[in-house]
Amino acid sequence: HEMYPSGKYADSTRRDYISKLKRWTEPWLKRPAREITTGDALQIFQQAYENGASHQLRKEVKIAINVVFKWAIDQRFIVGREVSPVHGLEVPTYSDEERGEKIPLIKTRDEIAKALDEARSQNNPWYPIWFAAVHTGMRAGELNGLRKEKIDLIPNEKALEFERSLDKGLIK
């Protein structure tokens, strides 16, 4: 993605697409892209379902496949096909799958405190990130963009002030 930058998608979006494709379409990596079929895509969705991917995540994988194939076809990296193997394909919903998305499990304050205490006691390298996420409400992308030099501790107010940058612009 660094080699072929595009202004159409933010860097974080491209990284997300690449991550999803590496995770869920790994069997395709050694095959010529023009040979990948809709049947191959259905097999990927089946495997993703069997490995716990939600319907929403499978739809996001489909979007990533479409975007990357469209770009590669437009750039003539893929010749011999005009659309992605998932173009027009509806992501399957399996018989034992709930129609709606599952309600996420919400932890209680005590459960969160216990998990953070355990992470701290084990010197888990993710502890500072989890701590910041819980105590600031920042999302993953915001935490990823956070830099030490952008944080000011305000001890008397028991607070911190920070700037967090997104791919475009600055949010304070």
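Residues numbered from 1 in each chain as written. Predicted model: local features only at pLDDT ≥ 70, side-chain atom pairs only at ≥ 80, totals over all residues. Heavy atoms only, no water.

A few points about a nonpolar patch on the surface
Judged by side-chain polarity, Trp126, Ile129 and Trp130 come together as a nonpolar surface patch covering roughly 320 Å² of accessible area. With respect to the element layout, Trp126 can be found in the loop between α4 (109-121) and α5 (127-136). The partly exposed category is assigned to Trp126, whose relative accessible area is 49%. (Patch = residues over 30% accessible without salt bridge, like charges linked within 9 Å, V, L, I, M, F, W, Y side chains within 5 Å. Areas by Shrake-Rupley, 256 points an atom, 1.4 Å probe, with all protein chains shown as cover. Salt bridge = Lys/Arg side-chain N within 4 Å of Asp/Glu carboxyl O. Helix = DSSP H or I, 4+ residues; strand = E, 2+ residues; numbered from the N terminus. Buried < 20%, exposed > 50% of the residue type's maximum accessible area, 1.4 Å probe, protein only.)

So, the pattern of salt bridges
Tallied over the full model, the rule gives six salt bridges. The closest approach of N and O atoms between Glu60 and Lys20, which form a salt bridge, is 3.4 Å. One end of the pair, Glu60, is in helix α3 (residues 55-74); the other, Lys20, is in helix α1 (residues 11-24), with 40 residues separating them in the sequence. The partly exposed category is assigned to Glu60, whose relative accessible area is 29%. Accessibility expressed as a relative area gives 11% for Lys20, which makes it buried. With its nearest N and O atoms 2.7 Å apart, the salt bridge here joins Asp74 to Lys70. You can see Asp74 and its partner Lys70 sitting in helix α3, four residues apart, about one turn around the helix. Residue classification places Lys70 among the partly exposed residues on the basis of a relative accessible area of 49%. When salt bridges with common partners are traced through the structure, they connect Asp16, Lys20 and Glu60 into a single cluster.

Focus on the packing of α1 against α3
Here α1 crosses α3 at 110°, and the two axes come no closer than 9 Å. What the angle tells us is that α1 and α3 run roughly perpendicular. Here Tyr17, Lys20, Leu21 and Trp24 of α1 come into contact with α3, specifically with Leu57, Glu60, Val61, Ile63, Ala64, Ile65, Val67 and Val68. Split by residue class, the contact of α1 with α3 holds ten nonpolar, no polar and two charged. (Axes fitted to C-alpha atoms, helices over the stretch in contact; angles between N-to-C directions. Parallel < 35°, antiparallel > 145°, perpendicular 65-115°, else oblique. Contact = heavy atoms within 4.5 Å. Nonpolar A, V, L, I, M, F, W, Y, C, P; charged D, E, K, R; others polar.)

Things to note about unusual backbone geometry
The backbone phi angle of Arg76 is positive, close to 65°, even though this residue is not glycine. For Arg76, the location among the structural elements is in the loop between α3 and α4. Residue classification places Arg76 among the exposed positions, given a relative accessible area of 71%. Here the phi dihedral of Asn123 falls at roughly 55°; this positive angle occurs in a residue that is not glycine. Position of Asn123 among the secondary structure elements: in the loop between α4 and α5. Exposure remark for Asn123: the relative accessible area of 67% places this residue in the exposed category.

What to know about the packing of α4 against α5
Axis separation between α4 and α5 bottoms out at 9 Å; the angle between their running directions is 155°. With respect to α5, the element α4 is oriented roughly antiparallel. By crossing handedness, the relation of α4 to α5 is classed as left-handed. Along the contact surface, α4 presents Ile112, Leu116, Ala119 and Arg120, while α5 presents Tyr127, Trp130, Phe131, Val134 and His135. Broken down by class, the residue content of the contact of α4 with α5 amounts to seven nonpolar, one polar and one charged. (Left-handed = near helix turned anticlockwise from the far one by under 90°.)

Side note on the confidence of the model for the protein chain
For the protein chain, per-residue confidence averages 82 on the pLDDT scale, and 79% of positions sit at 70 or higher. Across residues 166-172 the pLDDT falls below 50, and counting only partners more than four positions away or on other chains, this stretch makes twelve contacts in the model. (pLDDT = per-residue confidence, 0-100.)

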